[in-house]
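# Examining the three-dimensional arrangement
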Amino acid sequence: PQALGTPRDALRARPMTALDRALFSISLQLIALRIPARKCNAFMQALQGHVLQRPKLKPIQPDGEQAPCTTRLLLLDEGIDDLQLTKLPDELRDYVAAEGGEPVRHSVTIGYDKFSAEQVLRRLLPEGMEVPSAFEQVGHVAHMNLREEHLPYKALIGEVLLDKNPRLRSVVNKVDSISNEFRVFPMEVIAGDEDLETTVRENGATFALDYREVLQAAAVAPRRGRLASVERAVLHQVYWNSRLEREHRRIVELLRPGEVVCDMMAGIGPFAVPAALKGNRVYANDLNPQSAKWLRTNVLRNKVGPRVRVSNSDARAFLRQLLAPPQGATGEPAAAAGEPAAAAAGGAEAATSAAEGAGEAPTLAFGPFSHILMNLPASALEFLDALVGAFDAETWHAPLPRVHCYCFSKETAAPEADVIRRAEEVLGCSIPGAEATVVRDVAPNKLMLCVSFVVPEAVAWRGEGGAAAASVRGGGGEAECAVSVPAGQGGGTVLQIPA
């Protein structure tokens, strides 16, 4: 073991790319107080701020030179280096003497297991390099976003994280940004097990997901050169972010008993499954086939099949299908949006993921929905145009639903006003009573927000009866709004409708 001069001299090893745990066996030369065992708590309280503080090293140690039950050694701070305790205040020296404390020299050998991940990496990485200790944990998988400067040391970083976090079995690093319609991104396994199928608990539900799909790096188009040295990449098949647990809970807590939810971009079910566990019923959809697959799995795992209908479709097509007349052009019931043929044929998995009596009404089987969730922050605002002319005044007799649309803003002064303005631009109408909630910081000068509002009467209704329906239901307000109704939902005409 090697001795230390001062704490800052501890093991400033040369940068390395392989982990040598033996380098972390060091000897601390300390001053300790031999004290009566029965007075340990009193000494600890009196000497607060002057006792050794090191992770995983208890300041009270057995006294090997005395009978095991009569005395203990209280390890003092490393800055106290003489038996006269000259660096203690006078009143504390008097207290030690009065209570029978005896200053002694004591040597403590500590090894690799006593250092935190940050301490280990700070001593192994080049001096001045930021220590990448932060990661997101999803089950047994740690997900990191390493900087370019960290990449030569990625295996070392991953190995240290596995050592210091016993619940982890795999460490992955994101090697490119989210840039596709499925919200997935390539990553590499930098340490541990390559089995990336895992489970995570959130808001009373258990979610299973799988990162696996091994690809050759050449199959992933590099955009910033980060993939040039990656021999094997893993495509993160589904999206999950544990930092959104509080936001998932916030929305679910807004739901009242009996309300039905339309989750247009449901992922693997972070909103849909807890809502169903609460007793609400959910139309849940995701464009990503893998997300839809794991959504079905999680619906079954949490035993909420009768309260969740799962679809795998484009979000706009999904909403149109839900709001379409219950009979198709041939007079047969319309198939659920994106429902595979095997599911429509009545497979066991589809049966448990569909409404009770699914064959009777495969569209609005649960009845009208009260909430619409649009959880695709990078582009969900663009999907708001699907609400224009989406509702039929002849068949929709419930209140118009409340929308919760997630988005990003780089407007630092007034991000809430920014996202509401952008939502109004897409809808082509002002949004009375719109609210914007900051969800979290995503990056410097970039926030994730949730815009919530009731679908405006002025844009909701389709067909020739839309203007009349808006006038009757909206109360005849004086403000006007120019609404462009998409083709197929009103002939592409521009209506001047009271807002």
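Up top is the structure.
Residues numbered from 1 in each chain as written. Predicted model: local features only at pLDDT ≥ 70, side-chain atom pairs only at ≥ 80, totals over all residues. Heavy atoms only, no water.

Within the span of helix α5 (residues 245–254), buried status applies to E247, H248, I251 and V252. Down the axis of α5, the buried side of the element spans an arc of 135°, and every buried residue falls inside it. Every exposed residue of α5 that faces more than 90 degrees away from the buried side is listed here: R246 and E253. Buried positions along α5 lie against β10 (197–202), α6 (272–278), β17 (371–374), β18 (402–409), β19 (435–443) and β20 (446–454). (Buried < 20%, exposed > 50% of the residue type's maximum accessible area, 1.4 Å probe, protein only. Helix = DSSP H or I, 4+ residues; strand = E, 2+ residues; numbered from the N terminus. Arc of directions from axis to C-beta. Contact = heavy atoms within 4.5 Å.)

Take the packing of helix α3 (residues 117–124) against helix α4 (residues 154–164) next. Axis separation between α3 and α4 bottoms out at 9 Å; the angle between their running directions is 155°. As the angle between them shows, α3 and α4 are arranged roughly antiparallel. Handedness of the crossing formed by α3 with α4: right-handed. Contacts between α3 and α4 involve A117, V120, L121 and L124 on the former and, on the latter, L156, I157, V160, L161 and K164. Considering only residue class, the contact of α3 with α4 consists of eight nonpolar, no polar and one charged. (Axes fitted to C-alpha atoms, helices over the stretch in contact; angles between N-to-C directions. Parallel < 35°, antiparallel > 145°, perpendicular 65-115°, else oblique. Left-handed = near helix turned anticlockwise from the far one by under 90°. Nonpolar A, V, L, I, M, F, W, Y, C, P; charged D, E, K, R; others polar.)

The subject of this paragraph is the pattern of salt bridges. Taken as a whole and assessed by the stated rule, the structure comprises 22 salt bridges. For E102, the salt bridge is made with R34, and the minimal N-O distance between the two is 3.4 Å. One end of the pair, E102, is in strand β5 (residues 102–110); the other, R34, is in strand β2 (residues 26–36), with 68 residues separating them in the sequence. With a relative accessible area of 11%, R34 lands in the buried category. Linked by salt bridges that have partners in common, D418, R421, R422 and E425 make up one network. (Salt bridge = Lys/Arg side-chain N within 4 Å of Asp/Glu carboxyl O.)

The subject of this paragraph is the environment of L151. Of note, L151 is situated in the loop between β7 (141–144) and α4. The buried category is assigned to L151, whose relative accessible area is 14%. In sequence terms L151 and V175 are 24 residues apart; their C-alpha atoms lie 9.9 Å from each other.

The next point concerns the side chain of D82. Residue position: D82 is located in the loop between β4 (71–75) and α2 (90–98). There is no salt bridge for the buried D82, and the closest opposite charge comes from K87, which lies 6.1 Å off by N-O distance. Looking at D82, its side chain comes within polar contact range of the main-chain nitrogen of Q84, at 3.1 Å. Within polar-contact distance, the side chain of D82 engages the side chain of T86 at 2.9 Å. (Lys, Arg positive; Asp, Glu negative; His and termini not counted. Polar contact = N/O pair within 3.5 Å; in protein donor to acceptor, adjacent residues only side chain to side chain.)

Helix length check: helix α7 (residues 289–301), at 13 residues, gives a terminal C-alpha distance of 18 Å against a target of 18 Å (1.5 Å per residue), a fit within 8%. All of the buried residues along α7 are S291, A292, W294, L295, R296, N298 and V299. N-capping of α7 is provided by N288, with a side-chain oxygen placed 2.9 Å from the backbone N of Q290. (Expected span 1.5 Å × (residues − 1).)

Keep in mind these values describe shape, not function.
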